[in-house]
Amino acid sequence: MANVAVVGSQWGDEGKGKFVDWLSERADVIVRFQGGHNAGHTLVIDGVVYKLALLPSGIVRPGKLSVIGNGVVIDPWHLRDEIAGLTARDVRITRDELRIAENATLILPLHRELDQLRENAAGAGKIGTTGRGIGPAYEDKVGRRAIRVMDLAAPETLPDKINRLLVHHNALRKGLGEPLIDGGKLLAELKEIAPSVLPYMDTVWLLLDAKRRAGKRILFEGAQGALLDIDHGTYPFVTSSNTVAGQAATGSGLGPGAVHYVLGITKAYTTRVGSGPFPSELSDETGERMGARGKEFGTNTGRKRRCGWFDAALVRQTVKTSGINGIVLTKIDVLDGFEQLKICTGYTLDGKPIGHLPAGQFEQARAVPVYETMPGWSGTTRGARSWAQLPAACIKYIKRIEELIEAPVAMLSTSPERADTILVTDPFAD
Ligand code: GDP
Ligand code: IMO
Ligand code: MG
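Residues numbered from 1 in each chain as written. Chains lettered and ligands numbered in written order. Predicted model: local features only at pLDDT ≥ 70, side-chain atom pairs only at ≥ 80, totals over all residues. Heavy atoms only, no water.

Novice: I would appreciate a short explanation of the nonpolar core in the present structure.
Specialist: Proteins that are soluble and globular tend to have nonpolar side chains buried together. Counting 90 residues, the largest nonpolar core has Ile74, Leu190 and Tyr397 as the members making the most contacts within it. Those residues in contact with Tyr397 that lie beyond four places of it in its chain are Ala268, Phe310, Ile332, Leu335, Leu341, Ile343, Met374 and Trp377. Within the second largest apolar cluster, 16 residues are counted, among which are Val4, Val6, Phe19 and Val20. (Core = buried A, V, L, I, M, F, W, Y, C linked by side-chain atoms within 4.5 Å. Buried < 20%, exposed > 50% of the residue type's maximum accessible area, 1.4 Å probe, protein only. Contact = heavy atoms within 4.5 Å.)

Right, here's the structure in full:
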């Protein structure tokens, strides 16, 4: 029985939500394994739009089990509100539909504040985070002082854990000239929110092992994209978790053999939200046109996304770092009507050709893209559901991308609607 991991192969917002939803019809369990409510995943089902941040995209489909794994950082107040928002839209969310790992780390209000304080103080050097406290929460996890989901079930242990946490945070806040956190107030807040989280708490690694043994299909839902990975991304302009497919196992408590097919969601051009290098960025009218046609505004923060040509060198790199078996090429319709299309095939660094983006921040900033140019197409691909409906120049563009990234197109997406999809290879097929 095949299990599939869906990951972003660029800087996020490639259309993961649509394809997790599409595939969830064939899956039994949908698992988030990293990130938190910095994600913004959009699903359009028969014209109805759902925007999910923390909850797995399978949650809107009745009869599926959604799981938040140990690799995720959870803001319990956000969790409560996201559940309430969906419940108000008649999505049923009980323990039958949702489980949360007991060993997942909590995002606290002090993390959100610290994230925002740092960003505001960083000036031109800011990362452009979502301001949700993601980085500071992961720092506390690795620093071995985090409060975890299971701690909410043992309130008598919380005062010691809060003290340990505040030794670190209050020293930091003192240095920043910020008022100190009152441990008693934080304790009261945690006790108050606990009943919104605890009904879903479970030993997720055990649950997932049982599902595997019972022959259930597991779909792993990645957030962000490989270029935002803490190790493999454009450091330091990255998020604070591993976003590559290998994390699907670690972030859910299964071994590496649990993932049988890695599906890399890939936009037919490139976007990025936040700061950091972007070699094929278009800071001109063509980039504006792409952004307007693609409605490139953040699902979560509403920020305008930077746009540029398809960077095949970068995706070739993430095909390797995530072990991508096949891609979904999304938003091909956005390129309808462009007279010509450029594809970045590599770079030059100080005049020397290189096939991949170097790891160093300053080398990345100096990398100059090398392009090849292809003719665009005048017809429309919007809503196409078969290859026969695609203009010849569009098929050539897709074939060239496949060659350059060294991975096949498994699916093609021609609009936000789930049904506007062309299936080439079923990732769930054994
Ligand atoms: P995610 O973070 O990877 O789930 O992606 P987002 O939801 O943040 O952003 C992708 C946006 O593109 C959403 O608004 C989707 O509804 C939309 N979208 C997905 N696939 C397509 C497509 O093939 N064509 C067009 N025009 N829009 C798409
Ligand atoms: P989805 O799952 C695009 C970016 C932020 C910032 C950097 C660090 O919708 O694809 P963080 O708040 O994580 O510390 O911010 O990462 N970022 C995303 N960009 N899509 C996302 O998620 C993102 N999640 C974080 O803009 O540059
Ligand atoms: Mg998004």
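Novice: Hey, could you run me through the coordination of the magnesium ion (ligand 3) in this one?
Specialist: Each donor-metal-donor angle would ideally measure 109.5 degrees in four-coordinate tetrahedral geometry, or 90 or 180 degrees in six-coordinate octahedral geometry. Looking at the metal site, the magnesium ion (ligand 3) is ligated by Asp13 (OD) and Gly40 (O), spaced 2.0 to 2.2 Å from it. Of this pair, Asp13 sits in the loop between β1 (4-8) and α1 (16-24) while Gly40 is found in the loop between β2 (29-32) and β3 (41-45), placing the two residues 27 residues apart along the sequence. Asp13 sits in the partly exposed class, given a relative accessible area of 22%. (Donors = N, O, S within 2.8 Å, 3.2 Å for Na, K, Ca; no water. Helix = DSSP H or I, 4+ residues; strand = E, 2+ residues; numbered from the N terminus.)

Novice: Before we go on, may I ask you to explain the environment of His78 in this structure?
Specialist: For His78, the position within the fold is in helix α2 (residues 76-87). As for His78 and Trp387, which are separated by 309 residues in sequence, their C-alpha atoms are 42 Å apart. Among residues more than four places away in sequence, those in contact with His78 are His37, Ala53 and Leu54.

Novice: Before we go on, may I ask you to explain the site of ligand 2 in this structure?
Specialist: Asp13, Lys16, His41, Thr130 and Thr239 are the nearest of the 20 residues found near ligand 2. Note that an oxygen atom of ligand 2 is positioned 2.9 Å from one of the backbone N or O atoms of Gly40. Note that an oxygen atom of ligand 2 is positioned 2.6 Å from one of the side-chain N or O atoms of Thr239. When grouped by side-chain class, the residues that make up the shell around ligand 2 number seven nonpolar, 10 polar and three charged. (Near = heavy atom within 4 Å. Polar contact = N/O pair within 3.5 Å; in protein donor to acceptor, adjacent residues only side chain to side chain. Nonpolar A, V, L, I, M, F, W, Y, C, P; charged D, E, K, R; others polar.)

Novice: Would you mind showing me how to read the side chain of Glu97 here?
Specialist: Relative to the elements of secondary structure, Glu97 occurs in the loop between α2 and β7 (98-101). The class of Glu97 is buried, set by a relative accessible area of 10%. Ignoring sequence-local partners within four residues, the contact set of Glu97 consists of Ile59, Lys64, Leu65, Ser66 and Arg92.

Novice: Looking at this structure, I do not really get the environment of Ser280. What am I missing?
Specialist: Position of Ser280 among the secondary structure elements: in the loop between β12 (270-272) and α9 (285-293). When its relative accessible area of 1% is taken as the criterion, Ser280 is described as buried. Along the chain, Ser280 and Ala313 lie 33 residues apart, while their C-alpha atoms are 10 Å from each other. Ignoring any residue separated from it by four or fewer positions in sequence, one finds Ser280 in contact with Thr270, Gly308, Trp309, Asp311, Cys344 and Tyr371. Separated by 2.8 Å, the side chain of Ser280 and the backbone oxygen of Trp309 make a polar contact.

Novice: Any chance you could explain the site of ligand 1 here in plain terms?
Specialist: Taken together, 19 residues are adjacent to ligand 1, and Lys16, Thr42, Thr299, Asp333 and Ser413 come closest. Asp13 is positioned with one of its side-chain polar atoms (N or O) 3.0 Å from an oxygen atom of ligand 1. Within the side chain of Ser413, an N or O atom sits 2.5 Å from an oxygen atom of ligand 1. Contact with the protein chains covers 93% of the free accessible surface of ligand 1, which is 590 Å². Elements with a minimum of two residues in the shell around ligand 1: α1 and β3. (Areas by Shrake-Rupley, 256 points an atom, 1.4 Å probe, with all protein chains shown as cover.)

Novice: Quick question: what am I supposed to make of the packing of aromatic side chains here?
Specialist: Any pair of aromatic rings gets described here by the distance separating the centres and the angle formed by the planes. This model, assessed by the stated rule, comprises two aromatic pairs. Note on Trp11 and Phe278: the rings are 5.2 Å apart at their centroids and 50 degrees apart in plane angle, and the pair reads as tilted. Here Phe278 lies in the loop between β12 and α9 and Trp11 lies in the loop between β1 and α1, a separation of 267 residues in the sequence. A single burial state applies to Trp11 and to Phe278, both of which are buried. Between Trp377 and Tyr397, the aromatic rings sit 6.0 Å apart at their centres with planes inclined by 55 degrees, giving tilted as the arrangement. Pair noted here: Trp377 is in the loop between β18 (368-375) and α12 (392-405) and Tyr397 is in helix α12, with a separation of 20 residues, a long-range link. Look at Trp377 and you get buried, because its relative accessible area is 4%. In this structure, Arg289 is placed above the aromatic ring of Phe338, and the distance from its NZ or CZ to the ring centre is 4.1 Å. Cation over ring: Lys399 sits above Trp387, and NZ or CZ is 5.6 Å from the ring centre. (Phe/Tyr/Trp six-rings, centres within 6.5 Å; stacked < 30°, edge-to-face > 60°. Lys NZ or Arg CZ within 6 Å of the ring centre and 35° of its normal.)

Novice: Is there a simple way to think about the environment of Arg80 in this case?
Specialist: As for its position among the elements, Arg80 is in helix α2. Given the relative accessible area of 36%, Arg80 is considered partly exposed. Residues Arg80 and Leu54, spaced 26 residues apart in sequence, show a C-alpha to C-alpha distance of 10 Å. With residues up to four places along the chain from it excluded, the contact list for Arg80 reads Ile193 and Ser196.

Novice: Which parts of the structure should I look at to understand the pairing of β2?
Specialist: On a regular strand, each side chain points to the face opposite its neighbour's, so the side chains alternate between the two faces of the sheet. Side chains Val29 and Val31 project from β2 onto one buried face, and the interleaved Ile30 and Arg32 project onto a second face that is buried too. Where β2 lies against strand β5 (residues 65-68), four bridges are found, and the strand directions are parallel. Note that in β5 the partner of Val31 across the bridge is Val67. Looking at chain direction, β2 and strand β10 (residues 218-221) are connected through four bridges and run parallel. By the bridge assignment for β10, Val31 is matched with Phe220. (Pairing = 2+ DSSP bridges.)

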